[in-house]
Every structure is written in C-alpha cells, then in structure tokens.
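Next come the chains, spelled out residue by residue.
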Amino acid sequence: MDDAERDRRLAALHDALAATAELPVERNAARWIGEAEAVAADLAESDLPVSTVEERVGHVRDLLAEVDGSGHPEADDRIQRARELADRILA
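Remember, it's a predicted structure, so these values are computed and weren't measured experimentally.

Section: the overall build of the protein chain
Looking only at helices and strands, the protein chain has four helices and zero strands in total. When the helices and strands of the protein chain are read in sequence order from the N terminus, they spell out α-α-α-α. For the C-alpha atoms alone, the extent of the protein chain along its principal axes is close to 35 × 20 × 15 Å. A buried classification covers 36% of the 91 residues belonging to the protein chain. Long-range contacts, defined as pairs at least 24 residues apart, comprise 70% of the intrachain contacts of the protein chain with a sequence gap of at least 6. Total accessible area on the protein chain is roughly 5200 Å²; 44% of this is exposed by carbon and sulfur atoms. Positive and negative side-chain charges of the protein chain, numbering 11 and 22 respectively, have mean locations separated by a distance of 2 Å.

In structure tokens form, the structure reads like this:
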C-alpha cells in the first residue's frame, strides 16, 4: 500500500471511531473506544514511520477487541468498520 492509501485508511479509521462519540454507548465500551479513537487521531494527524504506524494500529485493534458490544447498533457497525480498516492497514 502506498503512503496516500495508508493515510486515507488512517483517516477513515479515525473517522469511524470519532463518529461513535455522537452515539449513546455503554460506559465500558466508551472507555475502550475513546482510547482507540485517541490513538487513531494521533495516527491520522502525524507523519510517523511505517513501523510505528503498524504498532499503533495494532494497539487500536487490541483496544477494540475489548469491546464486545456498545449497546447501540450504529456504533457497533462503526466499530466493526474500524476493525476492518485496522486489519487492512496491517495486511
């Protein structure tokens, strides 16, 4: 994947997670999602080496693995989208 495509995917990852902030989600899920969103925001705004990007995207994926459900179907869809994007970035 080229740099421009990686940047697009990182921005989409952040957007998917940031959009959940507008929705009522369970408190425990919100904690994990919020932390993942903060890491994704940093990734979307920074020019980091590929190895650092991969490490941090892996961290986002690990954080999202802690979310069994958010209590809101639209948020669950956005979380699933973020998981898929993280997997594609790391592929």
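A short note on the nonpolar core
With 22 residues, the main nonpolar core has Leu13, Leu17, Val57, Val60 and Leu64 as its most contacted residues. Elements supplying a minimum of two residues to this core: α1 (3-18), α2 (27-45), α3 (50-65) and α4 (73-90). The element contributing the most residues to this core is α2, with seven residues. Other than its neighbours up to four places away in sequence, leucine 17 contacts Ile33, Ala36, Glu37, Ala40, Val60, Leu64 and Ala82.

Some words on the environment of alanine 65
Tracing the sequence through the fold places alanine 65 in helix α3. Since its relative accessible area comes to 52%, alanine 65 is described here as exposed. Linking alanine 65 and glutamate 5, residues 60 residues apart in sequence, is a C-alpha distance of 24 Å.

Details of the side chain of histidine 72
By secondary structure assignment, the location of histidine 72 is in the loop between α3 and α4. Judged by its relative accessible area of 18%, histidine 72 is buried. Setting aside residues up to four positions removed in sequence, histidine 72 forms contacts with Leu23, Pro24 and Val25.

Calculation criteria
Residues numbered from 1 in each chain as written. Predicted model: local features only at pLDDT ≥ 70, side-chain atom pairs only at ≥ 80, totals over all residues. Heavy atoms only, no water. Helix = DSSP H or I, 4+ residues; strand = E, 2+ residues; numbered from the N terminus. Buried < 20%, exposed > 50% of the residue type's maximum accessible area, 1.4 Å probe, protein only. Contact = heavy atoms within 4.5 Å. Areas by Shrake-Rupley, 256 points an atom, 1.4 Å probe, with all protein chains shown as cover. Lys, Arg positive; Asp, Glu negative; His and termini not counted. Charge placed at Lys NZ, Arg CZ, Asp CG, Glu CD. Core = buried A, V, L, I, M, F, W, Y, C linked by side-chain atoms within 4.5 Å.

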